[in-house]
Amino acid sequence: MPDFAAAVSTAFTLSDFDFVLPPEQIAQHPTPQRSASRLLDGRGAQPVNRIFRDLPGLLRAGDLLVFNDTRVLKARIFGEKSSGGKLELLIERVLSDHEVVAHMKVSKKPQPGATLHMAGGRHGGGFDAVLLGRYPDEHGPLFRFALHGPAQESAWQLMERHGHLPLPPYIERQQNQAHDPNAAEDTQRYQTVFARAPGAVAAPTAALHFDEEVLANLAAQGIECASVTLHVGAGTFQPVKTENLAEHQMHSEWYEVPLATLAALERCRQRGGRVVAVGTTTVRTLESWARSGQTTGETNIFITPGFEFQVVNLLLTNFHLPKSTLMMLVSAFAGYAPVMGLYHYAMKRNYRFFSYGDAMLLERCAAMPSATTLAHRAP
């Protein structure tokens, strides 16, 4: 796996990406219609308030829109230890038909060899999970499990039958309960309309705003669409904790750039179109491919101000958590001061933030930020 740690900027520290967001602006539910969310157009000298369904008219014939087609797994499963203690697994990755890697939320960690009874256990309509050890090594943050169902169902089948969509931690409703009265809404809306490849534990949220009408209008405008796959991991919600950004250990995620998308990128280049990335996960995928030359693999790319983008011209993205790697990515893309200014603008005008929130459209800044940028920060 290519190591992108050397790309981390030393001009900024963690505190530079902090801001205070009123809790009431954290969206707890999606808008009634996907494309009815607000869209903050941040490409010009002054921000413009729009509606997401306006997007096709903001792009040009010949542009290429690139989506992440990952599908969110029902990866959150409740269970208990043999002692009766409650626990929760968040399956991060499926290694084989009956072996997975997961986060474990429990008061006291069980030892390797312990059997956990998930969704009632193997003899109660659910399945058992035998703890094999930590992952990716003996000191790793994740845990490896062998799954045993009553009918030898695969890990994919067990998750589909017994799992819940892993809503982000800032969506507070029903976070600690196996029964969620909003599950039907989330099953439909915390999944993109073009989700195809199962493997993510979080949605590529910028793409949640697209519906069939917007996609049809994009095609009518002569805007081509293509897809990549990046299976979003739970690490996307983890705030950076080290003031020195170079000390942050970036999480790794699996990606793929299909041959059809490579061909679409080349056609876009030849006709002079712009590459429009739908979401930060698409940016991470395309820029990982551009740097490594690998069309599939693991990426731990950490994009901070000073990063030299090679592929993406425009970025469609939601509003991100303070002190997050995604805040750093969008600041690298559109400029630190402009992005912080747009965030303050959005907060004053009651935009909805995070996964079920509103979106913004950004253009790649022409000049790369440097240490002198620090003297020109937004208030």
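What counts, and where the lines are drawn
Residues numbered from 1 in each chain as written. Predicted model: local features only at pLDDT ≥ 70, side-chain atom pairs only at ≥ 80, totals over all residues. Heavy atoms only, no water. Helix = DSSP H or I, 4+ residues; strand = E, 2+ residues; numbered from the N terminus. Rg over C-alpha atoms; globule rule 2.2 N^0.38 Å. Buried < 20%, exposed > 50% of the residue type's maximum accessible area, 1.4 Å probe, protein only. Pairing = 2+ DSSP bridges. Axes fitted to C-alpha atoms, helices over the stretch in contact; angles between N-to-C directions. Contact = heavy atoms within 4.5 Å. Core = buried A, V, L, I, M, F, W, Y, C linked by side-chain atoms within 4.5 Å. Disulfide = S-S within 2.5 Å. Phe/Tyr/Trp six-rings, centres within 6.5 Å; stacked < 30°, edge-to-face > 60°. Lys NZ or Arg CZ within 6 Å of the ring centre and 35° of its normal. Polar contact = N/O pair within 3.5 Å; in protein donor to acceptor, adjacent residues only side chain to side chain.

Participant: Describe the overall build of the protein chain, listing the residues and the values that go with them.
Facilitator: A count of helices and strands for the protein chain gives eight helices and 17 strands. Over its C-alpha atoms the protein chain spans a radius of gyration of 21 Å, differing by no more than 12% from the 21 Å that the globule rule assigns to 379 residues. Overall, the protein chain is about 60 × 45 × 45 Å in size when its C-alpha atoms are taken along their principal axes. Relative to its 379 residues, the protein chain shows a buried fraction of 56%.

Participant: Residues and numbers for the sheet that holds strand β14 (residues 275-278), please.
Facilitator: Sheet strands associate in pairs through backbone hydrogen bonding, adopting either a parallel or an antiparallel arrangement. If you walk across this open sheet you meet the nine strands as β2-β1-β17-β16-β14-β3-β12-β13-β15, and the pairing is mixed. In this open sheet, the two strands that pair with only one neighbour each are β2 (48-51) and β15 (296-299). Taking each pair of neighbouring strands and ignoring which way they run, the sheet shows an average axis angle of 25 degrees. Pairing analysis gives three bridges linking strand β3 (residues 64-68) to β14, with the strands arranged parallel. For L64, the partnering residue across the bridge sits in β14 and is V275. Of the strands in this sheet, β3, β12 (224-230), β13 (253-256), β14, β15 and β16 (314-318) touch helix α6 (residues 280-292), which is tilted by about 80 degrees from β12.

Participant: Give a description of the nonpolar core that names residues and reports values.
Facilitator: Y190, Y343 and F353 are the most contacted members of the largest nonpolar core, which has 69 residues in total. For this core, the elements supplying multiple residues, two or more each, are β3, β12, α5 (259-271), β14, α6, α7 (325-334), α8 (336-348) and β17 (359-363). No other element matches the eight residues that α8 contributes to this core. Once residues within four sequence positions are removed from consideration, F353 is found in contact with F19, L21, Q25, I26, A27, F319, Y343, A346 and M347. The next biggest cluster of nonpolar side chains, apart from the first, holds 25 residues, and it includes L90, A102, L147 and A155.

Participant: I'd love a proper account of the state of the cysteines, names of residues and values included.
Facilitator: Across all of its chains, the model carries zero disulfides by this definition. Considering cysteine sulfurs only, C268 is the nearest to C225, which forms no disulfide, with 11 Å between them. Sulfur of C365: no disulfide; nearest cysteine sulfur belongs to C268 and is 19 Å away.

Participant: Please give an account of the packing of aromatic side chains that cites residues and values.
Facilitator: Using the criterion set out here, one finds 18 aromatic pairs in the structure. Ring geometry for F309 versus F333: centroids 5.2 Å apart, planes at 85 degrees, classification edge-to-face. Here the residue F309 occupies a position in the loop between β15 and β16, and F333 occupies one in helix α7, the gap between them amounting to 24 residues. The same class applies to F309 as to F333, namely buried. Members of the aromatic cluster, connected to one another through ring pairs, are F19, Y170, F319, Y343, Y351, F353 and F354. The ring centre of Y351 lies 3.8 Å from the NZ or CZ of R38, which sits over that ring.

Participant: If you had to explain the pairing of β12 to someone new, which residues and values would you point to?
Facilitator: The element β12 is extensively covered by neighbouring structure, given that five of its seven residues are classed as buried. Where β3 meets β12, five bridges bridge the pair, whose relative direction is parallel. The partner of L65 across the bridge, within β12, is C225. Sheet analysis places β12 next to β13, joined by two bridges and oriented antiparallel. From the neighbouring strand, L230 faces β13, where its bridge partner is Y255.

Participant: Could you give an account of the side chain of T299, naming the residues involved and the relevant values?
Facilitator: In this structure, T299 sits in strand β15. Among the polar contacts made by the side chain of T299, one reaches the main-chain amide nitrogen of I301 at a distance of 3.2 Å.

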